[in-house]
Amino acid sequence: MQPPTHVQMPMPGFEEYEPAGDCVCRGCAQRRRALARARAIPLRDGGHPAVRGARRALVLATAAGVVLGGGSATAVAVATPVPGPGPAALDDPSSPQGARTPLHGPKGGPVGKPGAPAKPGAVRRIDRATIINRAKLWLDAEVPYSMSEYWTDGYRQDCSGYVSMVWNLGSNEWTGSLDKFATKITKDELLPGDMLLFHNPADPNNGSHVVIFGGWVDSTHTHYVAYEQTRPNTRKLATPYGYWSNATKYVPYRFNGVPAGILPEAPDAQPPAGSKPGDATVFPGADKFGPGATNDHVAQLGRMLIERGAYRFYPKGVADRTWSDHDKLATAAFQRAQGWTGADADGIPGAHTWKLLVEKQGKNIPPTVAAAPGPGGVRAYPGAAVFRAGPSHEAIRALGRQLVKKGFGKYYTSGPGLRWSEADRRNVEAFQRAQGWTGASANGYPGPETWRRLFA
């Protein structure tokens, strides 16, 4: 009997490969783990070739164990702790994208009819608050990333599909077409709802990305809040300008459907870096205002609003520390004076409202028709900016007449008139000194308390 012939099986050859970042097959998953362990082995002897070769052999051996299907190899790989994703993996995701498609994709949605392609010259009008609210829809739903799947609203679940949804374009664009719906702007012009776009013609599907700008994180403008669609799902994250990688290649754009004019609150604005909680110039947060709130910030808000023309909303002429309808109505009036509407003029101060008040920017609350008296019979204070050299104003003449009526008009040689003059200032100063005030409190420029006492 002939001894059994042993057939020698050929040893399989293994080729090094880079596993796909989103592939869930066991081979790619184990290969990623093997690479992670290999990179953790320190290169001693100054990176000697022999050491590098040993490490490579370890990687290939691990990969071989996976391919040969040995149960023990799999068990060892699973049992070995694998470090979680570090900052680079979290902050610099790979975000491939799909091509330009209609809503629900080429095959259409539930009814089997794809949407019509969008036309850059016929964009829908949309305000910034709505853009940010739409961005939060997928954030709240934790929409998973996919370059081939479509969410229930018909938009593709990748980075460019997300921006298409946020801007309500009506079709799924890609990084090579989104700029057709927008206008290039500068970094300093960025406002919530704009986009930062990186389109890489050399590798458009895998090397490009786009995010929605949500507001600056601090006054240094080195980081901003980015709304983006990336793995594993939609996220909102403080991000270095312009992005974690390829930073200089991200270009800011403004959607052509955003109305021009004074802008609403910056939803994600944060206090400047290094600021102290007690700093009166720093927005303290929306939670400090509203029904039931009692704090110094409420009183400060009221004082700033009164200086900007909200006197008529405060019957006693002063603001206190407890939130009331007077504060809400006055805040809403100031917001409407900036041209804001809807949710942007809800009477609750945000970071932008606070900034305009603190820095004395924006428009004052306009006086009522013919400067009619406000609550308590007191004429509405028109704001400090009125009492400066410049255009005429009815409130200046009303002030002068009241000064004369109170016995403080000796510096007038004629008038009083509609334009601010040195005679007005000196008469106001005399009135202020008569109240016992000194220094900056008696500088001749009427503030809300001077106004209240004159017209009380």
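Residues numbered from 1 in each chain as written. Predicted model: local features only at pLDDT ≥ 70, side-chain atom pairs only at ≥ 80, totals over all residues. Heavy atoms only, no water.

**Looking at the overall build of the protein chain**
1) Next: Along its length, the protein chain carries 12 helices and eight strands.
2) Next: Taken over 456 residues, the protein chain has a buried fraction of 42%.
3) Next: Counting only contacts in the protein chain whose residues sit at least 6 apart along the sequence, the fraction spanning at least 24 positions is 57%.
4) Next: As displayed, the protein chain offers around 23700 Å² of accessible surface, 57% of which is attributable to carbon and sulfur atoms. (Helix = DSSP H or I, 4+ residues; strand = E, 2+ residues; numbered from the N terminus. Buried < 20%, exposed > 50% of the residue type's maximum accessible area, 1.4 Å probe, protein only. Contact = heavy atoms within 4.5 Å. Areas by Shrake-Rupley, 256 points an atom, 1.4 Å probe, with all protein chains shown as cover.)

**As for the environment of leucine 418**
1) Next: Position of leucine 418 among the secondary structure elements: in the loop between α10 (394-405) and α11 (422-434).
2) Next: Measuring from C-alpha to C-alpha, the distance between leucine 418 and proline 391 comes to 8.4 Å, with 27 residues separating the pair along the chain.
3) Next: Apart from residues no more than four positions distant in its own chain, leucine 418 is found in contact with Ser392, His393, Glu394, Ile396 and Arg397.

**Overview of the pairing of strand β7 (residues 235-240)**
1) Next: Pairing analysis gives six bridges linking strand β6 (residues 223-228) to β7, with the strands arranged antiparallel. Along β7, the bridge assignment pairs tyrosine 224 with threonine 239. (Pairing = 2+ DSSP bridges.)

**As for the nonpolar core**
1) Next: In terms of nonpolar packing, the biggest core is built from 40 residues, with Leu305, Tyr314, Phe387 and Leu399 touching the most fellow members.
2) Next: For this core, the elements supplying multiple residues, two or more each, are α7 (296-310), α8 (325-337), α9 (351-358), α10, α11 and α12 (448-455).
3) Next: One finds Tyr162, Val166, Ala182 and Ile212 within the second-largest nonpolar core, a separate group that totals 27 residues. (Core = buried A, V, L, I, M, F, W, Y, C linked by side-chain atoms within 4.5 Å.)

Everything listed is a geometric property; what it means functionally is a separate question.
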